[in-house]
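# Observations on the three-dimensional arrangement
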Amino acid sequence: NNTITSIYLYNNQIGDEGAETIADSLKHNHSITSIDFMRNQIRDEGVEAIGRTLEHNNTITSIDLENNQIGDEAARAIGRALEHNNTITSINLT
C-alpha cells in the first residue's frame, strides 16, 4: 500500500510479536511517515525489532512508544537506529 501515511495502534496490546511483525513490514514501506505504538505492552524484543527497521526505513519521521515496557537494551537499539536514520524528527519513549 502506498497511500497510508499514518498508523495509530493505541492500546491494542500487540506485544512484542505484533511489534516485530509490523516492524518487518515497515522495512520496505515508503509511505508510512508516522506510527503510534502507545500502550501496547511492547518490551525489549519488540522495540529492538522497531529499531532495526528504523535503521533501514528513511520515510518514518515520527514514532510514539509511550507507556510500553522499554528497558535498557531497547533504548540502546533505538539509539543505534538513530545513528543510521536521518528522517526521524520526533520520538516519544516516555
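This section reports on the structure supplied with the text. If you're wondering where the values come from, they're calculated on a predicted model, not measured in any experiment.

Parameters at a glance
- Residues numbered from 1 in each chain as written.
- Predicted model: local features only at pLDDT ≥ 70, side-chain atom pairs only at ≥ 80, totals over all residues.
- Heavy atoms only, no water.
- Helix = DSSP H or I, 4+ residues; strand = E, 2+ residues; numbered from the N terminus.
- Expected span 1.5 Å × (residues − 1).
- Buried < 20%, exposed > 50% of the residue type's maximum accessible area, 1.4 Å probe, protein only.
- Arc of directions from axis to C-beta.
- Contact = heavy atoms within 4.5 Å.
- 1 Å grid on protein atoms, 1.4 Å probe; cavity = no way out; pocket = protein on both sides within 12 Å on 5 of 7 lines; lining within 4 Å.
- Points joined across faces, edges and corners; volume = space filled by probe spheres on them.
- Phe/Tyr/Trp six-rings, centres within 6.5 Å; stacked < 30°, edge-to-face > 60°.
- Lys, Arg positive; Asp, Glu negative; His and termini not counted.
- Salt bridge = Lys/Arg side-chain N within 4 Å of Asp/Glu carboxyl O.
- Polar contact = N/O pair within 3.5 Å; in protein donor to acceptor, adjacent residues only side chain to side chain.

### Brief notes about helix H1 (residues 15–26)
Every α-helical turn comprises 3.6 residues, leaving residues that sit three or four positions apart pointing alike. Given a rise of 1.5 Å per residue, 12 residues ought to cover 16 Å, and the 17 Å separating the end C-alpha atoms of H1 matches this to within 8%. Listing the buried residues of H1 in full gives Gly 15, Asp 16, Gly 18, Ala 19, Ile 22, Ala 23 and Leu 26. The buried residues of H1 occupy an angular sector of 165° when projected down its axis, which confines them to one face. Exposed positions of H1 whose direction lies more than 90 degrees from the buried face are Glu 17 and Thr 21. Its buried side turned inward, H1 meets strand S1 (6–8), strand S2 (34–36) and helix H2 (44–56).

### Looking at unusual backbone geometry
Its identity as a non-glycine residue notwithstanding, Gln 13 has a phi of 55°, on the positive side. Of the residues examined, Gln 13 reaches a relative accessible area of 37% and is grouped as partly exposed. Located in the positive-phi region is Arg 39, a residue other than glycine, with phi close to 55°.

### Quick look at empty space enclosed by the protein
Counted according to the given criterion, the structure contains one cavity of 30 Å³ or more. Within this model, the largest cavity holds a volume of roughly 40 Å³. Around the largest cavity, the lining residues are Ala 23, Leu 26, Ile 35, Phe 37, Ile 50, Thr 53, Leu 54, Ile 60 and Ile 63. Every element with two or more residues in the lining of the largest cavity is listed here: H1 and H2. Residue contributions to the lining of the largest cavity peak at three residues, all from H2.

### Here's the deal with the packing of aromatic side chains
For the coordinates displayed, the defined rule picks out one aromatic pair. Ring centres 6.1 Å apart and planes at 10° place the aromatic pair Tyr 8 and Tyr 10 in the stacked group. On the basis of relative accessibility, which here comes to 56%, the residue Tyr 8 falls in the exposed class.

### Quick notes on the side chain of Asp 36
Tracing the backbone shows Asp 36 in strand S2. Buried and unpaired, Asp 36 has Arg 39 as its nearest opposite-charge partner, separated by 9.6 Å. At 2.7 Å, the side chain of Asp 36 forms a polar contact with the backbone nitrogen of Met 38. Discounting chain neighbours no more than four positions away, the residues touching Asp 36 are Ile 7, Tyr 8, Leu 9, Tyr 10 and Asp 64.

### Examining H2
With 13 residues, H2 ought to run about 18 Å at 1.5 Å a step, and its terminal C-alpha atoms sit 19 Å apart, in line with that. Inspection of H2 places Gly 46, Val 47, Ala 49, Ile 50, Gly 51, Thr 53 and Leu 54 among the buried residues, and these make up the whole buried set. Packing partners of the buried residues in H2 comprise H1, strand S3 (62–64) and helix H3 (72–84).

All quantities given are derived from atomic positions and should not be read as evidence of function.
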